[in-house]
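# Summary of the model geometry
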Amino acid sequence: MKQVHNCQSMQELSHTLKAQGKKIGFVPTMGYLHEGHLSLVAQAKAVSDVVVLSIYVNPTQFGPNEDFTKYPRDLNHDLSLCEQAGVDYLFLPETADIYGLSNIPSWTDSLGMGKILCGASRPGHFAGVVQIVTRLFMAVAPTFAIFGEKDFQQLTLIRKMTQDLNLPIQIIGTPIIRSPEGLALSSRNVYLDKEAKQAALLLYQSLNLAKQLCQNGETDIKKIVKQVEALLKSNPLIIIDYIAVVNPSNLLAINQIQVQARLLLAVKIKGTRLIDNASIM
Ligand code: AMP
């Protein structure tokens, strides 16, 4: 595995690989890798000839009171996981290089999806995500870019951005990887103590409850949300940010269960923000 430390080298490399007819699969991450990230690498390997994984903790997607400085980092561990998973190139951009002197104006808000759900409680977060993903895309110029359904709003927004800008990149979404008990893997799980982890299992149980209600023929979303809310509130450690049932293609709230419906959850447990989601129809 080779390391690439700046955008120009990455662009040249990408250009050479593509001139050789190689398909590049790209996995953007913030590091502190786990099985969830590695499932994205496996997907990238399945569809492409060369896999590029980036590690960059992107400052512009963290709010002023968020965990940018304490976000977990362990480059040595990440290096060995990437080697084992068969990553070909590890892209480790530096801030001054990838951001240059200016920010792209926040046109992202015009995508219409940046200010709802997680964007409502994390102002500027998705503008930051789009900033960095655009820059990474310009540096890597991948054939495929792989994103986890774990961050469903992010995946939907990146798909829309790619369409709106006509980027020649195919976006692939992959399923959420969970612990055996059902907790969605996340780098931030390292913040959770035993009690918080126990409480966090209610997220998965809530998703399953909603699926079960739909399977039993419940179509009224208010009723589904009420039961999910009651289950989450059964543990006093859980502070609900939102419970939303949306159309997965545009993230707009729906009132009645329709052919496609996705339940998105965001909560805080002992100060750690956790998100989870599932298709319930
Ligand atoms: P992050 O390093 O948290 O920015 O995540 C990098 C990529 O990994 C994103 O596309 C995430 O959606 C994806 N990802 C994170 N956790 C999981 C998981 N448990 N299962 C699948 N994909 C995940």
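Figured I'd write up the structure that's included with this text. (Residues numbered from 1 in each chain as written. Predicted model: local features only at pLDDT ≥ 70, side-chain atom pairs only at ≥ 80, totals over all residues. Heavy atoms only, no water.)

## Brief notes about the sheet that holds strand 9 (residues 272–279)
In a beta sheet, neighbouring strands pair by backbone hydrogen bonds and run either parallel or antiparallel. Taken in spatial order, the three strands line up as 7-8-9 in an open sheet, and their pairing is antiparallel. Across the chains shown, the open sheet's two edge strands, defined by having one partner strand only, are strand 7 (238–246) and strand 9. The average angle at which neighbouring strand axes cross in this sheet is 15°, direction not considered. Bridging between strand 7 and strand 8 (residues 262–269) involves eight bridges; their strand directions are antiparallel. In the strand pairing of strand 8, I240 is matched with V267. (Pairing = 2+ DSSP bridges. Helix = DSSP H or I, 4+ residues; strand = E, 2+ residues; numbered from the N terminus. Axes fitted to C-alpha atoms, helices over the stretch in contact; angles between N-to-C directions.)

## Side note on the nonpolar core
Ranked by size, the top nonpolar core spans 42 residues in total, and within it M10, V52, F91, V133, F137, F147 and I171 carry the most contacts. It is helix 6 (residues 125–140) that contributes the most residues to this core, nine residues altogether. If sequence neighbours within four positions are ignored, V133 has contacts with F147, I158 and M161. Within the second largest apolar cluster, 30 residues are counted, among which are L203, I224, I238 and I257. (Core = buried A, V, L, I, M, F, W, Y, C linked by side-chain atoms within 4.5 Å. Buried < 20%, exposed > 50% of the residue type's maximum accessible area, 1.4 Å probe, protein only. Contact = heavy atoms within 4.5 Å.)

## Some remarks on the pairing of strand 8
Counting buried residues in strand 8 gives seven out of eight residues, a clear majority hidden from the surface. Sheet analysis places strand 8 next to strand 9, joined by eight bridges and oriented antiparallel. Counterpart to L265 in the pairing with strand 9 is D276. The turn linking strand 8 back onto strand 9 is made up of two residues, and K270 within it adopts a positive phi angle of 50°.

## Examining the site of the ligand
Around the ligand there are 17 residues in total, and M30, G148, D151, I177 and L185 lie nearest to it. One of the backbone nitrogen or oxygen atoms of M30 is found 2.9 Å away from an oxygen atom of the ligand. A distance of 2.8 Å is found between a nitrogen atom of the ligand and a backbone nitrogen or oxygen belonging to I177. Elements with a minimum of two residues in the shell around the ligand: strand 2 (24–29), helix 2 (35–47) and strand 5 (144–148). Along the lines of polarity and charge, the residues of the shell around the ligand split into nine nonpolar, six polar and two charged. (Near = heavy atom within 4 Å. Polar contact = N/O pair within 3.5 Å; in protein donor to acceptor, adjacent residues only side chain to side chain. Nonpolar A, V, L, I, M, F, W, Y, C, P; charged D, E, K, R; others polar.)

## Describing the side chain of T156
Topologically, T156 is positioned in helix 7 (residues 152–164). If we ignore the near neighbours within four places in the chain, the residues touching T156 are M113, P248, S249 and L251.

## Regarding the pattern of salt bridges
A complete count under the given rule lists nine salt bridges for this structure. Note that E66 is salt-bridged to R122, the shortest N-O span being 2.5 Å. Highlighted residues: E66 in the loop between strand 3 (50–55) and helix 3 (75–85) and R122 in the loop between helix 5 (118–121) and helix 6, separated in sequence by 56 residues. Among the salt bridges present, the one from D164 reaches K160, with a minimum N-O distance of 3.0 Å. Taken as a pair, D164 and K160 lie in helix 7 at a separation of four residues, close to a single helical turn. Looking at D164, the relative accessible area reads 42%, which means it is partly exposed. Each of D193, E195 and K270 takes part in salt bridges that share partners, so that together they form one network. (Salt bridge = Lys/Arg side-chain N within 4 Å of Asp/Glu carboxyl O.)

## Let's talk about the sheet that holds strand 1 (residues 2–4)
The strand order 1-4-3-2-5-6 describes an open sheet built from six strands, whose pairing is parallel. The open sheet terminates on both sides in strands that have one partner only, identified here as strand 1 and strand 6 (170–174). Within the sheet, the average angular offset between the axes of one strand and its neighbour, ignoring direction, is 25°. Relative to strand 4 (residues 89–91), strand 3 runs parallel, the two being bridged by three bridges. Residue pairing in the sheet places V52 in a bridge with Y89 of strand 4. Along the sheet, helix 3 makes contact with strand 1, strand 3 and strand 4, crossing strand 3 at roughly 170°.

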